[in-house]
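The residues making up each chain are set out below.
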Amino acid sequence: MKISTRGRYGLRALLDLAMHADQGCVALSDIAHRQDLSFNYLEGIFAHLKRAGLVIGIAGSMGGYTLAKPSETISLYEILSVLEGDLSVTDPVMQNEESDIRTFIRQNVWDVLDHSIESTLKNTTVAGLTKSFQFQEDSNQCSCL
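Figured I'd write up the structure that's included with this text. (Residues numbered from 1 in each chain as written. Predicted model: local features only at pLDDT ≥ 70, side-chain atom pairs only at ≥ 80, totals over all residues. Heavy atoms only, no water.)

What to know about the overall build of the protein
At step 1: Looking only at helices and strands, the protein has 6 helices and 2 strands in total.
At step 2: Counting from the amino terminus, helix and strand elements in the protein follow one another as α-α-α-β-β-α-α-α.
At step 3: Radius of gyration (C-alpha) of the protein: 19 Å, far over the 15 Å computed for a compact globule of 145 residues.
At step 4: Across its three principal directions, the C-alpha atoms of the protein cover 60 × 50 × 25 Å.
At step 5: Here the protein holds 145 residues, and the buried ones make up 28% of them.
At step 6: Excluding contacts between residues fewer than 6 apart, the proportion of contacts in the protein whose partners are at least 24 apart in sequence is 65%.
At step 7: Surface summary for the protein: the accessible area is close to 9200 Å², and the carbon and sulfur share equals 54%. (Helix = DSSP H or I, 4+ residues; strand = E, 2+ residues; numbered from the N terminus. Rg over C-alpha atoms; globule rule 2.2 N^0.38 Å. Buried < 20%, exposed > 50% of the residue type's maximum accessible area, 1.4 Å probe, protein only. Contact = heavy atoms within 4.5 Å. Areas by Shrake-Rupley, 256 points an atom, 1.4 Å probe, with all protein chains shown as cover.)

Given below as structure tokens:
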């Protein structure tokens, strides 16, 4: 599995949105500027996120985007599933097309990897990442004597 540009940019943009949620609606142009991303590309990403119910778009001069639900309840799995689709490390294979060794490898390697990735992404929330990032930022600003 390789996460596409859409998945990587979408995750960055959503984290940026969460970190600036205290400002109310956040303009997509501000996110694009802070993250050095294409505004037009972000519009497409946010259209997917809006359809999935992860963000709310508010029109008008004071408009922008907000998270549709608390960042503690938005997992990376949810975001990447919307933006990437299937997150499996391999393409699906018909059970009747598998030899014994292919079945063994699927069950003991690919399915284990898929489960591990899914578990990690489901247990990692936007809130958790923003807190970790802010902690890292605060730690990097500490001066050591």
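Resuming the write-up.
Details of the pairing of strand β1 (residues 55-58)
At step 1: Where β1 and strand β2 (residues 64-67) come together, 4 bridges link them in antiparallel fashion. The residue bridging Val-55 from the neighbouring strand is Leu-67, located in β2. (Pairing = 2+ DSSP bridges.)

Here we look at the nonpolar core
At step 1: Residues Leu-17, Ile-31, Leu-42, Phe-46, Leu-49 and Ile-79 are the most contacted members of the largest nonpolar core, which totals 27 residues.
At step 2: The element contributing the most residues to this core is helix α1 (residues 5-19), with 6 residues.
At step 3: When sequence neighbours within four positions are dropped, the list of residues in contact with Leu-42 reads Tyr-9, Ala-13, Leu-28, Ile-31, Ala-32 and Leu-37. (Core = buried A, V, L, I, M, F, W, Y, C linked by side-chain atoms within 4.5 Å.)

Focus on the pattern of salt bridges
At step 1: The tally for this structure, following the rule as stated, stands at 4 salt bridges.
At step 2: Notably, a salt bridge pairs Arg-34 with Asp-16, separated by 2.7 Å at the nearest N-O pair. Linking Arg-34 in helix α2 (residues 28-35) with Asp-16 in helix α1, this pair joins segments that are 18 residues apart in sequence. (Salt bridge = Lys/Arg side-chain N within 4 Å of Asp/Glu carboxyl O.)

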